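# Examining the three-dimensional arrangement
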Amino acid sequence: MKRVDKIIADEEFRSISLMIKEKEFDRVFCRHSLGHSLSVARIAWIINLEEGLSLDKEMIYAAALLHDMGRYSVYEEQGMSHHEAGAYVAEPILKRAGFSDEEIEEMCGAIKKHKNKSEAKGSLEDVLYRADKLSRNCFMCDAKTECYWSESKKNKTIKY
């Protein structure tokens, strides 16, 4: 997974990850850390294997690593959702990592749409959405009574 290794070595990726970590230091709700992104990647890969999908492992990991980069506040202040901003931030990082334009388009599309359930069952956007939700341990969350997520989105069991 050489291209994924290039992402985690990318200066912009590291810089934004650090800013998000610092900004969310005392956040009571779910954080958007590297640990979260790796959980999303691993769960997405398990979904891919268990459902017999043919998604590319590097694309799964790359999209998962970058899906919450838009939490970086500058973009939110400009009126972008973190989903849109994540795709915006991801594109140049993916280019530097060596992904093709077609791969970047698919991954950025999945990042943009990871907030809502996808109609495209088995697609990268579908798997990223499901893995993102399943990565959250709502059943043990200290902030579950204050959480703004609807009950239907909350992960109440361990599935993967």
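Residues numbered from 1 in each chain as written. Predicted model: local features only at pLDDT ≥ 70, side-chain atom pairs only at ≥ 80, totals over all residues. Heavy atoms only, no water.

All right, on to the overall build of the chain then. Across its full length, the chain holds eight helices and zero strands. Ordering the α and β elements of the chain from the N terminus gives α-α-α-α-α-α-α-α. Restricting the contact set of the chain to residue pairs at least 6 apart, pairs at least 24 apart contribute 62%. Accessible surface, the chain: about 9,100 Å² in total, of which carbon and sulfur atoms supply 51%. (Helix = DSSP H or I, 4+ residues; strand = E, 2+ residues; numbered from the N terminus. Contact = heavy atoms within 4.5 Å. Areas by Shrake-Rupley, 256 points an atom, 1.4 Å probe, with all protein chains shown as cover.)

You can see S37 is positioned in helix α3 (residues 34–50). The residues touching S37, leaving out its near neighbours within four places in the chain, are A64, L65 and H67.

Axis separation between helix α4 (residues 57–66) and helix α7 (residues 101–112) bottoms out at 10 Å; the angle between their running directions is 45°. One finds that α4 runs oblique with respect to α7. When you trace α4 past α7, the crossing you get is right-handed. When α4 is examined against α7, the residues M59, A62, A63 and L66 are found in contact with a partner set consisting of E103, E106, M107 and I111. (Axes fitted to C-alpha atoms, helices over the stretch in contact; angles between N-to-C directions. Parallel < 35°, antiparallel > 145°, perpendicular 65-115°, else oblique. Left-handed = near helix turned anticlockwise from the far one by under 90°.)

Another point: the environment of A90. With respect to the helices, strands and loops of the structure, A90 is situated in helix α6 (residues 82–97). Each C-alpha atom, one on A90 and one on F13, is 8.5 Å from the other, the two residues being 77 residues apart in sequence. Leaving out residues up to four positions away in the same chain, A90 has contacts with L66, C108 and I111.

Our next topic: the pattern of salt bridges. Applying the stated criterion across every chain, the model contains 10 salt bridges. Measuring nitrogen to oxygen at the nearest pair gives 3.6 Å for the salt bridge that ties E125 to K113. Of this pair, E125 sits in helix α8 (residues 124–134) while K113 sits in the loop between α7 and α8, and the two are 12 residues apart along the sequence. By relative accessible area, which is 45% here, K113 ends up partly exposed. With a closest N to O distance of 3.4 Å, K133 and D132 form a salt bridge. Of the two residues, K133 and D132, neither departs from the other in class, the shared state being buried. Within the structure, one salt-bridge network assembled from shared partners comprises R3, E58 and E103. (Salt bridge = Lys/Arg side-chain N within 4 Å of Asp/Glu carboxyl O. Buried < 20%, exposed > 50% of the residue type's maximum accessible area, 1.4 Å probe, protein only.)

Attention now goes to α7. An ideal rise of 1.5 Å per residue puts 16 Å on 12 residues; α7 measures up with 16 Å between its terminal C-alpha atoms. All buried positions along α7 are accounted for by E103, I104, M107, C108, A110 and I111. On an axial view of α7, the arc spanned by its buried residues comes to 155°, and they lie on one face. Along α7, the residues that are exposed and aim more than 90 degrees away from the buried face are D101, E102, E105 and K112. (Expected span 1.5 Å × (residues − 1). Arc of directions from axis to C-beta.)

A separate point is the side chain of N48. Locating N48 in the fold gives a position in helix α3. Residue contacts for N48: discarding those within four places in its chain leaves L53, S54, L55 and I60.

Moving on to the packing of helix α2 (residues 11–23) against α6. Taken N-terminus to C-terminus, the directions of α2 and α6 make an angle of 145°; their axes are 9 Å apart at the nearest point. Together, E12, F13 and I16 of α2 and V89, P92, I93 and R96 of α6 make up the contact between the two elements. Tallied by class, residues from the contact of α2 with α6 come to five nonpolar, no polar and two charged. (Nonpolar A, V, L, I, M, F, W, Y, C, P; charged D, E, K, R; others polar.)

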